[in-house]
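Residue-level structure breakdown
Residue-level listing of the chains:
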Number of protein chains: 2
Amino acid sequence: MNDKFSSLWLDYKPLFPGFTGRAAIRCPSRVDRQGAAVSELITALKAMLPAAELTFGADSAGLIFELDIGDFLDVEEYMISADERGAAVIGGSERGLMYGVFAYLREIRTAGSLVRMNKRVRPALGLRMLDHWDNADGTVERGYSGSSFFFREGKLVVDERTEMYARLIASAGINAAAINNVNVRGDAVRLIAEENLPGLARLSELFSRWGIALYLSIDFSAPISVGGMRTADPLDPAVGYWWSNKARELWKAAPGLGGFLVKADSEGQPGPYAYGRDHADGANMLARAVKPFGGRIIWRAFVYNCTQDWRDERTDRACAGYRTFAPLDGHFDANVILQVKNGPMDFQVREPVHPLFGAMRHTALAAEFQLAQEYTGQQLHVCCLLPMFREILMWNTACDIQPGRVIDRIQAAAAVANTGDSFCWTGSELAGANLYGFGRLTFEPQLTAEDIIDEWISLTFGSSERVREALLQILLGSHRAYEGYTAPLGLGWLCKPGTHYGPDPWGYEFDRWGTYNRADREAVGVDRSRTGYTSLYPEPLRELYSDPEKCPDELLLFFCRVKYTHVLHSGKTVIQHIYDSHFDGYAEAEEFARLWDSIESELDPAVYDNGRRRFKEQLRSAGEWRDVINAFFHRLSGVPDEQGRKLY
Amino acid sequence: MNDKFSSLWLDYKPLFPGFTGRAAIRCPSRVDRQGAAVSELITALKAMLPAAELTFGADSAGLIFELDIGDFLDVEEYMISADERGAAVIGGSERGLMYGVFAYLREIRTAGSLVRMNKRVRPALGLRMLDHWDNADGTVERGYSGSSFFFREGKLVVDERTEMYARLIASAGINAAAINNVNVRGDAVRLIAEENLPGLARLSELFSRWGIALYLSIDFSAPISVGGMRTADPLDPAVGYWWSNKARELWKAAPGLGGFLVKADSEGQPGPYAYGRDHADGANMLARAVKPFGGRIIWRAFVYNCTQDWRDERTDRACAGYRTFAPLDGHFDANVILQVKNGPMDFQVREPVHPLFGAMRHTALAAEFQLAQEYTGQQLHVCCLLPMFREILMWNTACDIQPGRVIDRIQAAAAVANTGDSFCWTGSELAGANLYGFGRLTFEPQLTAEDIIDEWISLTFGSSERVREALLQILLGSHRAYEGYTAPLGLGWLCKPGTHYGPDPWGYEFDRWGTYNRADREAVGVDRSRTGYTSLYPEPLRELYSDPEKCPDELLLFFCRVKYTHVLHSGKTVIQHIYDSHFDGYAEAEEFARLWDSIESELDPAVYDNGRRRFKEQLRSAGEWRDVINAFFHRLSGVPDEQGRKLY
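Residues numbered from 1 in each chain as written. Chains lettered and ligands numbered in written order. Predicted model: local features only at pLDDT ≥ 70, side-chain atom pairs only at ≥ 80, totals over all residues. Heavy atoms only, no water.

Next up on the list: the pattern of salt bridges. Tallying each qualifying case throughout the model produces 94 salt bridges over all chains. The shortest N-O distance in the salt bridge between A:E455 and A:R106 comes to 3.6 Å. A residue pair is termed long-range when its members are at least 10 positions apart, and A:E455 in helix α13 (residues 449–461) and A:R106 in helix α2 (residues 94–111) qualify at 349 residues. Judged on exposure class, the residue A:E455 and its partner A:R106 are both buried. We note a salt bridge from A:R626 to A:D627, for which the minimum N-O separation is 3.0 Å. On the accessibility criterion, A:R626 (16% relative accessible area) is buried. Each of A:D309, A:R311, B:E624, B:R626 and B:D627 takes part in salt bridges that share partners, so that together they form one network. (Salt bridge = Lys/Arg side-chain N within 4 Å of Asp/Glu carboxyl O. Helix = DSSP H or I, 4+ residues; strand = E, 2+ residues; numbered from the N terminus. Buried < 20%, exposed > 50% of the residue type's maximum accessible area, 1.4 Å probe, protein only.)

Okay, the sheet that holds strand β6 (residues 117–121) of chain B next. Residues and elements named next belong to chain B. Overall, mixed pairing links the six strands, which are arranged β2-β1-β3-β5-β4-β6 in an open sheet. Edge positions in the open sheet fall to β2 (53–56) and β6, since each of these has one partner strand only. Each adjacent strand pair in this sheet contributes to an overall mean axis angle of 10°, direction not counted. Pairing between strand β1 (residues 22–26) and β2: four bridges, direction parallel. Residue pairing for β2: A23 is matched across the bridge by L54. (Pairing = 2+ DSSP bridges. Axes fitted to C-alpha atoms, helices over the stretch in contact; angles between N-to-C directions.)

For the match of chain A to chain B, the screw axis carries a shift of 0.0 Å, the RMSD comes to 0.0 Å, and the turn is 180°. Classification of the inter-copy transformation places it as that of a two-fold axis. (Least-squares fit on C-alpha atoms with pLDDT ≥ 70 in both.)

To continue, consider helix α4 (residues 197–209) of chain B. All names here are of chain B. Relative to the 18 Å expected for 13 residues at 1.5 Å per residue, α4 spans 18 Å between its end C-alpha atoms, a close match to the ideal helical length. Along α4, the residues classified as buried are L197, G199, L200, L203, S204, L206 and F207. The inward-facing, buried residues of α4 abut β9 (155–156), α3 (160–172), β10 (176–178), β11 (213–217), α6 (237–253) and β12 (257–262). Looking at the residues trailing α4, positive phi occurs at G211, about 70°. (Expected span 1.5 Å × (residues − 1). Contact = heavy atoms within 4.5 Å.)

Across the contact, 26 residues belong to chain A and 26 residues belong to chain B. Counting the surface lost from both chain A and chain B, the interface buries some 2300 Å², and carbon and sulfur atoms represent 54% of this. Taken together, chain A and chain B are joined by six salt bridges. Between A:R635 and B:E509 there is a salt bridge, and its shortest N-O distance comes to 2.7 Å. Along the contact surface separating chain A from chain B lie 19 residue pairs in polar contact (both at pLDDT 80 or more). (Buried area = accessible area lost by both parts, 1.4 Å probe. Polar contact = N/O pair within 3.5 Å; in protein donor to acceptor, adjacent residues only side chain to side chain.)

What follows is about the sheet that holds β11(B). Residue and element names in this part refer to chain B. The parallel closed barrel is built from eight strands, whose spatial order is β7-β10-β11-β12-β13-β14-β15-β16. Averaged over all adjacent pairs, the angle separating strand axes in this sheet is 25°, with direction ignored. Sheet topology places β11 next to β12; four bridges connect them, and they run parallel. Residue S217 lies in a different strand from β12, and its bridge partner there is L261. Across the sheet, α4 lies against β10, β11 and β12, angled at about 140° from β11, the strand it touches most. Contacts between helix α7 (residues 279–290) and the sheet are confined to β12, β13 (296–300) and β14 (336–341), with β13 contributing the most and set at about 160° to the helix.

All names here are of chain A. For α13, spanning 13 residues, the distance from its first C-alpha to its last is 17 Å, which sits close to the expected 18 Å at 1.5 Å a residue. Listed as buried for α13 are A449, I452, I453, E455, W456, I457, S458, L459 and F461. Along its buried surface, α13 packs onto α2, α10 (386–393), α12 (432–443), α14 (465–486) and α18 (605–637). Once α13 finishes, G462 follows within two positions and takes phi at roughly 90°, a positive value.

A word on the packing of helix α14 (residues 465–486) of chain B against helix α17 (residues 574–598) of chain B. The relative placement of two packed helices comes down to the angle between their axes together with the axis-to-axis distance. All names here are of chain B. As a packed pair, α14 and α17 sit with axes 8 Å apart at the nearest point and diverge in direction by 155°. Relative to α17, the element α14 lies roughly antiparallel. When the axes of α14 and α17 are compared, the crossing they make is left-handed. Two secondary-structure elements touch here, α14 through R466, A470, L471, Q473, I474, G477, S478, R480, A481, G484, Y485 and T486 and α17 through S581, H582, G585, Y586, E588, A589, E591, F592, L595, W596 and S598. (Parallel < 35°, antiparallel > 145°, perpendicular 65-115°, else oblique. Left-handed = near helix turned anticlockwise from the far one by under 90°.)

Of the consecutive residues A:E539 and A:P540, the connecting peptide bond is found in the cis state with omega at 5°. For A:E153, which is not glycine, the phi torsion reads 50° and is therefore positive. Within the secondary structure layout, A:E153 lies in the loop between β8 (151–152) and β9 (155–156). When its relative accessible area of 71% is taken as the criterion, A:E153 is described as exposed. A positive phi is found at B:D265, a non-glycine position, where the angle reads about 50°. Exposure remark for B:D265: the relative accessible area of 16% places this residue in the buried category.

All names here are of chain A. With respect to the element layout, D553 can be found in the loop between α15 (541–546) and α16 (556–559). Here D553 is buried and forms no salt bridge, its nearest opposite-charge partner K572 lying at an N-O distance of 9.3 Å. Excluding its chain neighbours within four sequence positions, the residues that come into contact with D553 are L489, L568, H569 and S570. (Lys, Arg positive; Asp, Glu negative; His and termini not counted.)

This next bit is on the environment of A:M394. Residues and elements named next belong to chain A. Here M394 is to be found in the loop between α10 and α11 (406–409). Separated by 230 residues in sequence, M394 and M164 place their C-alpha atoms 32 Å apart. For M394, the contacting residues outside a window of four places in its chain are R405, I407 and P445.

Here you go:
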């Protein structure tokens, strides 16, 4: 514990303060005694068994913790066999062993005892990544947790907080991190320039120790901005040569580099289109440059026309990613991973699953999620995203291929991080569940959201049953509540433009972003079978989504245009559902605040107070959402509330 | 002419290039030969009579220009007696004489000959002022003409552009200028501190030469921010003492100072409320400090609650200025001028005249206008405000007092300047008419807007009849056209929040600014007899404004809430008027662009091109306004356009 940052779920507390015997760590010489696995075990045992005599080597008189590496396991796989006398943990490599140690420590901490267990676990996805939108000047785009701890005034920072960061995310199962904003601007353009090599070397060494590959977001036009060339045309041999040399230079300095993350031809970022090339041309050129060093290119699929005319009803932004990338399926090199946002728009509270997950069968894919609560309350509102993330991972993309779930179709998962230099890392203590849970879920997606949240509560807040019940109720219900008072029936973009906080139901309606609800006095929503969007899904999904009578209620206004009097599967009319969900969502938020107050005595006063202030703002804002959105639809529809509640 | 700034209407061209005789300036010793009147006459004659022999003193063989000062005239009054042999100009002081010289030069330039005339003119208002919203860092709040020429990187600038500025505004009749933003922030707080005295001295000396009093916007809490005190309580004797000393220090360095301009307790600015004092307490304390030096306090009446709850239908921002200041009538010292915006909201395209002009009978008043086109197209749209300004000045505030026009009730007029460091000073050449015309109108309000515009065209663009006709048509019709496609029937605040450019009809609807249209599917507008606002006007205005059947069409939706099917005096329904005025306003804008193109051959290519680019943007934006506002009301009302035009 220090006064700059919390240890979050790695705050090891005495587990057996009365145990005064010996505890021995045993491992053969092939295990690195300076490595993360051994050092974490020592750190944990010292804290949990403060009175024990900790030794290395054979000792049959006390607790024994055996660590080993076994070739029969995958690199990141581990096995644990444990009972009340200790444990044996075997990893497929130092990394697997580290995950095993973290898993074992988790088990005994949540159980509160030396548990009897046998377990063999391999991560479901090979790449589990955080994307930080940190700018070189120390600001964080869509950051709600303070400033960057990676950058300060244009300089890369590697300090004790960086080490704690690496331990924290490694313990949650994350194995890669892109440390700078995909919108590469200002000094960040030169992150790959010579002057930054020493800093990158230090950071990649630190990351490697915790099994984390360092990724860098790059400026596609770096041959010009950094190299002084006159073109960044991916098919120009001089450009490829420049990138090859750059990659050699980078990997020589920082062998722990994982690769590059690229946002190209999107929202003003440069890309291959400037040279009449396509995205495969752009990505493959880079992929070839980094291939000799085992590097990968994460290429974002978030490409759309952000200068659309709102009067144009034929163009549908939801189609853009599919139309751009589906024709390129099979054209990407093996070390390119196409990073596809979970839905076709942009991290709204509720979106359908992106059709590219079903369509790109010959391309390595990453699913991109957003932990930063850009559209989900900005860490002032509690909004646990894990139930939604899991639902998406388990969603079946198509009925004609087996296995067809998103988790089966992807090789990687990435999430926009929600961290900053706030004491608790994520602004709100409760937002830590999203950070922790994203790692755990992509490592072991068979876990339910409730399993993971429960585990996180126990590791972070201890074993009080009252705390556990209150926080489980808050976190498990939080996304549904937020959806209730902000975004009924799949309708997105009702938020204020720019900040994306608070309601402004027509703030995006007459603008250039392709984000329209087309509400009028009779009906609301976009008929996405007319725009061609539903045809991007295979049958029977296509029909399901095209037909207002069949479409799931929670996505109805995403896919269909219906009258306010349309009757949902729930039996309610659309307009009454809108009113009810806003009143109910607000009431749920009130209940969350009440639950938080009810456990005040069991919380650290600073943690309680931080939460209390945020719940106060959540309630103010939720009331605003409720009244504005209900007023909007009431003024348009003219339909009174069945229950006669106040509408403005 | 130079390449940094234009001479605008003072670009003297040869008037009689063939005149090779003598031209003599004659004046007694009481006229300052280094003064503005003489020097301007010399500058003009040299340019207009390039081949003449210019002499001082008696000379009966050529043209004779006699300048004198006469005690029988008011300080700013002048007389001109002229014929084809020359002119005699007499002023009540050097200042009056300068105005006389400018007037005489204007007459012969617009006439194109040495006219025969007899004229005696005294300005209608004693204080004719420009308020610059220039920040110390060189930016300009609501500036659409480039950066500040008064401030650069925190430093006051006095250079040849400052001299040209003084000549320009003096020639238009302006006699005061507040050079810094009423929102006093950053380095501007220290504008009255010791380090800035030398700069203020230089500037006030330059201004004085052209009859311009220098005003400074001050931070009401300067005793704290500059003086290091712990309070700025206006009733604390130490605070008054601090301001007295400060005034002595300032006037000693810069005797040409006019006084202070103060925005207090408004939109976050500090003020007397912090100490439980009222605005008279605040203003009078300052007034007493500056009184020994002949200084004045211009105190803004723009005070309202900018954190209103949109759900609160009883609070009406329009009432705020009246409710705050009317009870203080008679409480202000004689050297306080209360500066009241022309309407009760904030420089919207159309507002009723502020009720304070009729109510404050024992307080010196200034009418505040805005030349900076914040809500009127930001100098990208052509919008000549002179017809509106004149209408307001001539408006009768109350039928029971004579004379009761605004111009009779005020002692001063101020306008937020539209200048910057762009070559033509106002971003758009056509916006120069507003700058010029504001001065002329407040000097001689008996002139019509057409008189003034015509004069300005002639002085700025020369004598071509085609140019004159085209520009007159554009300028005289421009405000009506802008109103047509943006703000029907007195409805304001349909613009984008923040920038105030482009349409966003509900951008201000659910926010904290007190700016609501309350549109729903049946009706639109706020019933301002219910909020108490119409009761702030005397009868018969009160009844006129309260009754939708009597209320003038152009203010109907400001004062009344009516159904879309309500029939206007024009015979049209409200909804059809909205549609028509948007289509018609756009068509007028198209006609303006066409007219501009039609005179291309007679314009300086750079001037033409600047205008052409602005008309292109005006048309794009006007189309956006037309389609968004019509879509908004069409979606709400469901009423089709009678003419079947496309609505979205």
